[in-house]
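Coordinate analysis (summary)
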Amino acid sequence: MHHIVTIAKRELAGYFATPVAYVFILIFLLLAAAFTFYLGGFYERGQADLAPFFNFHPWLFLFLIPAISMRLWAEERKSGAIELLLTLPVTLWQAVLGKFFAAWAFTALALALTFPIWITVNWLGSPDNGVIVAAYVGSLLMAGGFLAIGSCMSALTRNQVVAFILAVVVSFAFLLAGFPLVLDAFRAWAPQALVDAIASLSFLTHFESIAKGVLDLRDLVYFALTMVFFLIATAIVLDVRKSE
Amino acid sequence: MIKTERLTRHYDTLTAVDGISFEVRPGEVLGFLGPNGAGKTTTMRMIAGFIAPSSGSASVCGHDIEREPLAAKAALGYLPEGAPSYGEMSVLGFLGFVADLRGLEGATRRTRLAHVIDRLALGSVAEQTIDTLSKGFRRRVGIAQAILHDPPVLVLDEPTDGLDPNQKHEVRSLINEMAADKTIVVSTHILEEVDAVCTRAIIIAHGRIVADDTPQGLAARSRHHNAVSLRLARAEQFAPARAALAALPQVAEVEGDEANRRLTALPRNGASLLADVNAVAARDGIALDSLELEPGRLDEVFRTITA
C-alpha cells in the first residue's frame, strides 16, 4: 500500500511538472460548460438540476480521458523507465495500481473543479443535492472505467498517439455497446444471449440512471468490474510486452 | 553473490541467451563482454528480474529471482542499459523517489542521499530537471540510484558509456572502492575497462559463454602475449633488424611498421623473448629508442573468440 501511494504521488506530480495538466483541466472545464449551457440548454429548461451537465460526461470523457491515460505506460516504455521501476522492489500490481490511482485522482480533481456549476444551480433554485452528489460519484466511477481501458491500451504500445486512438476506439465501443451501431454487427450471426450480454456492457445505459441520481448497485458493480477487468488486462499485457 | 544456472531466453525463433551458468562472489568484479547483440543486456535483465528466463534460473544472494523477486530485487542495485530515469523530475526528487521505494527512512535516507550525491558529484545539479542534464550527468544519476541503498550486489549495464575520460576514471575508482565487499557485474564495450576494474571477465557471443578467465589470463591467449616491441633510433637499420629478429628460433613472426620505425617480435608458444632480443640488438649494434614487453592484447583475443 505504501509503495502504491509513493508511485501514485510521483505520477501525479509528473502531470503538474509540465503545463499539460493545467491545459487539460482548462479544456475540460470549458467543454463541460459549453455542453451544459449550449447543447444542454441549462437555462432554457428552467429546471433546478444538473442533468444537462452530467448527460454530456460520457462524451466528454470519451476524448479527454484517453488524453490522460495515453502516457501512463507508453511513455514509461518509450523512455525505458519501466525497466527501472520494475527492477525496484515493487510488484507489477503496485505499479499498475499506483499509476491508475494517480490518473483517477487527477480526474477527480478536474471533476471537483466544476463546483461553480453546482453553486450556480443552488443559487438559481433549490435542486436535490443528494441527486447531484450521486451523479458526481457515478461520473467518477465511469471515468475510472474509461481510465482502466486507457491504461490497458497505453500498455500495448510505446507510442502515445497510438495509445490515445486505441483508447478512444475501445471506449467508443463500450460507450455504444447498447446501441444499433455496435449491436447490428453481432445480431446477424451471434446468439441472442450474446447480443444481450454485449448490450448490457454499455457505459451509456449504466450511466443513464446514475446521471438522474439513482445509484443502482448493479451499475456500481458494473463500473467496478470494468476497472478490475482492464487493470488485470494491463498487468498481463505489461508482463508479456514490457521489455519489447 | 549472483548465481545463474543454464539461464536461457528465447524471443520467438531467436535464442538471445543460451544456457549461461556462472557464479560471482563478494569481492569479485566481473566484466561482461561481448559484441552487440551477444546477449549481455538480456542476461542482466534476467538477473535484475525485469524479464523472465525461458528456462534455467538466476539468484541474487540466494533469493531466486522468480520465486522471491522482491527479496532478490532488494539485495540488488541495478543500472539498466541507457540509464533511464524520469526526465521531468529533479535529480533530488528522483533519488528521493527511489529511496522511498527502497524503504530508506529518516536519518539513513538523508545520509545515503547525501553520500551518493557527493560521491557522484551531483550537488551542482541536484535541483535541476533530469531532462536538462548532459549525458554524463544522467549516467551518474543512474549510478547514484543503483548504489543508493548500499546493496550487496551491483549489476551495471555500461556504467561509463557517454562519460568523458575524467568521469570514466571517477566511476572506475568508485567501482574499485566498492569492490572489496560487494559482488559486482559490469558490462562494457571498452576493453581497457576490463583491465582497470575487473578481477574476472566473461566473454559471451551468440548467447553462450566463450571465455571465463582473469583479464591477465585472457590477455595471455593473445598472439602478442610476451611479444617484444621495439622502436628503432635509425631508419636505415629497419630491414637488417627485422631480418635479425626473424632469424631467432623463438620468434614466430615479426610485425613491422616502417614509418614509425617500430618492430614487434611475436613469440612461439608464448616463450620469453626479451633476453634474446636484447642480445641481438647488442650484437648487431641496433640503436633503440624504446623496448617493451607486451602483456597481450585483449582486443585481439576478443576478436578471435567472438568472430
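In this text the structure is predicted, and so the values were computed from the model without any measurement.

1. Overview of the overall build of chain B
What chain B contains, in helices and strands, is 11 helices and 14 strands. Seen along its three principal axes, the alpha-carbon backbone of chain B occupies a region of about 75 × 45 × 35 Å. Across the 307 residues of chain B, 52% fall into the buried class. Counted over contacts in chain B with a minimum sequence separation of 6, partners at least 24 positions apart contribute 67%. Of the roughly 13,300 Å² of accessible surface on chain B, a fraction of 49% belongs to carbon and sulfur atoms.

2. Considerations on the pairing of strand β2 (residues 14-24) of chain B
Residues in a regular strand point their side chains to alternate faces of the sheet. Where strand β1 (residues 2-11) of chain B lies against β2(B), seven bridges are found, and the strand directions are antiparallel. Note that in β2(B) the partner of B:Lys3 across the bridge is B:Glu23.

3. As for the confidence of the model for chain A
Scored by pLDDT, chain A comes out at a mean of 88, with 98% of its residues at no less than 70. Mean pLDDT per element in chain A: helix α3 (residues 42-45) of chain A is the minimum at 70, and helix α8 (residues 92-112) of chain A is the maximum at 95.

4. Some thoughts on the interface of chain A and chain B
On the chain B side, the residues contacting the 24 residues of chain A number 23 residues. Buried area between chain A and chain B, summed over both chains or domains, comes out near 2,300 Å², and the portion from carbon and sulfur atoms is 67%. Salt-bridge contacts for B:Arg45 lead to A:Glu83; the nearest nitrogen and oxygen are separated by 3.0 Å. Taken together, the elements giving at least two residues each to the side of chain A that touches chain B come down to α1 (2-17), α6 (71-79) and α7 (81-87) of chain A. Residue composition of the side of chain A that touches chain B, grouped by class: 10 nonpolar, nine polar and five charged.

5. Focus on the sheet that holds strand β6 (residues 76-79) of chain B
All names here are of chain B. If you walk across this open sheet you meet the six strands as β6-β7-β8-β3-β9-β10, and the pairing is mixed. Where the open sheet ends on each side, the last strands, each with one partner, are β6 and β10 (208-213). The mean inter-strand angle of the sheet, taken between neighbouring strand axes irrespective of direction, is 15 degrees. Summarising the sheet, strand β7 (residues 153-157) and strand β8 (residues 183-187) pair through five bridges and their orientation is parallel. In the sheet register, Leu156 faces β8, and the bridge partner there is Val186. Relative to the sheet, helix α5 (residues 135-147) contacts β6 and β7, its axis offset from that of β6 by approximately 170 degrees. Running at roughly 35 degrees to strand β9 (residues 200-205), helix α11 (residues 298-306) makes contact with β3 (29-33), β9 and β10 of the sheet.

6. Digging into empty space enclosed by the protein
This structure, assessed with the given rule, holds two cavities of 30 Å³ or more. In this model, the largest cavity occupies a volume close to 50 Å³. What lines the largest cavity is simply B:Leu230, B:Leu232, B:Ala241, B:Leu245, B:Val277, B:Val280, B:Ala281, B:Ile286 and B:Leu288. Going through the elements one at a time, β11 (228-232), α9 (238-246) and α10 (274-284) of chain B are the ones with two or more residues in the lining of the largest cavity. For the lining of the largest cavity, the element with the highest residue contribution is α10(B), accounting for three residues. Of the residues assigned to the lining of the largest cavity, the class counts are nine nonpolar, no polar and no charged. In this structure, the second largest cavity spans a volume of roughly 30 Å³. Lining the second largest cavity, in full, are A:Phe24, A:Phe28, A:Phe61, A:Leu64, A:Ile65, A:Ile68, A:Thr107 and A:Ala110.

7. Some remarks on the sheet that holds strand β12 (residues 251-257) of chain B
All names here are of chain B. Reading across the sheet, the four strands line up as β12-β13-β11-β14 and stay open at both edges, with antiparallel pairing between neighbours. Two strands lie at the open edges of the sheet, namely β12 and β14 (288-293), each paired on one side alone. Each strand axis lies, on average, 15 degrees off the axis of its neighbour in the sheet, ignoring direction. In the packing of α9 onto the sheet, contacts are made with β11, β12 and β13 (262-267), and the angle to β12 comes to roughly 165 degrees. Each of β11 and β14 is contacted by α10, which is oriented at about 165 degrees to β14, the strand it contacts most.

8. Details of the confidence of the model for chain B
Overall, the predicted model of chain B reaches an average pLDDT of 89, with 100% of residues at or above 70. On the interface metric, ipTM, the complex scores 0.88, and its pTM is 0.88.

9. Topic: the side chain of B:Glu158
Residue and element names in this part refer to chain B. Mapped onto the fold, Glu158 is located in the loop between β7 and α6 (165-178). Of the side chains bearing the opposite charge, Lys40 lies closest to the buried Glu158, which forms no salt bridge; the N-O distance is 5.0 Å. Among the polar contacts made by the side chain of Glu158, one reaches the side chain of His189 at a distance of 2.9 Å.

Cut-offs applied
Position numbers for residues count from 1 along each chain, tracking the sequence in the order it is written. Here the convention is simple: chains get letters from A, ligands get numbers from 1, in the order in which they are written. Restriction of local features to residues with pLDDT of at least 70 applies here, the model being predicted, together with a cutoff of 80 or more for giving and counting side-chain atom pairs; totals for whole chains, interfaces and linings are based on all residues. Water and hydrogen atoms play no part in the side-chain values, which are based on all heavy atoms of the structure. Secondary structure elements follow DSSP: runs of H or I of four or more residues count as helices, runs of E of two or more count as strands, with numbering from the N terminus. Buried residues are those whose accessible area, probed at 1.4 Å on protein chains only, stays under 20% of the maximum for their type, while exposed residues exceed 50% and partly exposed ones sit between those limits. Residues are treated as being in contact if the distance between any of their heavy atoms lies within 4.5 Å. Using a 1.4 Å probe, the Shrake-Rupley method yields the accessible areas, and only the shown protein chains count as cover for residues. At least two bridges found by DSSP between two strands are what make those strands a pair. As a per-residue measure, pLDDT reflects the predictor's confidence and takes values from 0 up to 100. Throughout, buried area stands for the accessible area (probe radius 1.4 Å) lost by two parts on being put together, summed over both. Any carboxyl oxygen of Asp or Glu that lies within 4 Å of a side-chain nitrogen of Lys or Arg is treated as forming a salt bridge with it. Here the term charged refers only to Asp, Glu, Lys and Arg, the term nonpolar to Ala, Val, Leu, Ile, Met, Phe, Trp, Tyr, Cys and Pro, and the term polar to all other amino acids, Gly among them. Axis definition: a line fit to C-alpha positions, over the contact stretch in the case of helices; interaxial angles, taken between N-to-C directions, run 0 to 180 degrees. Cavities and pockets are found on a 1 Å grid laid over the protein atoms alone: a cavity is a set of points where a 1.4 Å probe fits but cannot escape, a pocket is an open set with protein on both sides within 12 Å along at least five of seven lines, and a lining residue has an atom within 4 Å of such a point. Grid points are joined across faces, edges and corners, and a volume is the space filled by probe spheres set on the points. When charges are counted, neither His nor the chain ends are considered; positive counts come from Lys and Arg and negative counts from Asp and Glu. By the criterion applied in these results, polar contacts are pairs of N or O atoms within 3.5 Å in which, for protein atoms, one can donate a hydrogen and the other can accept it, and in which residues neighboring in sequence qualify only through two side-chain atoms.

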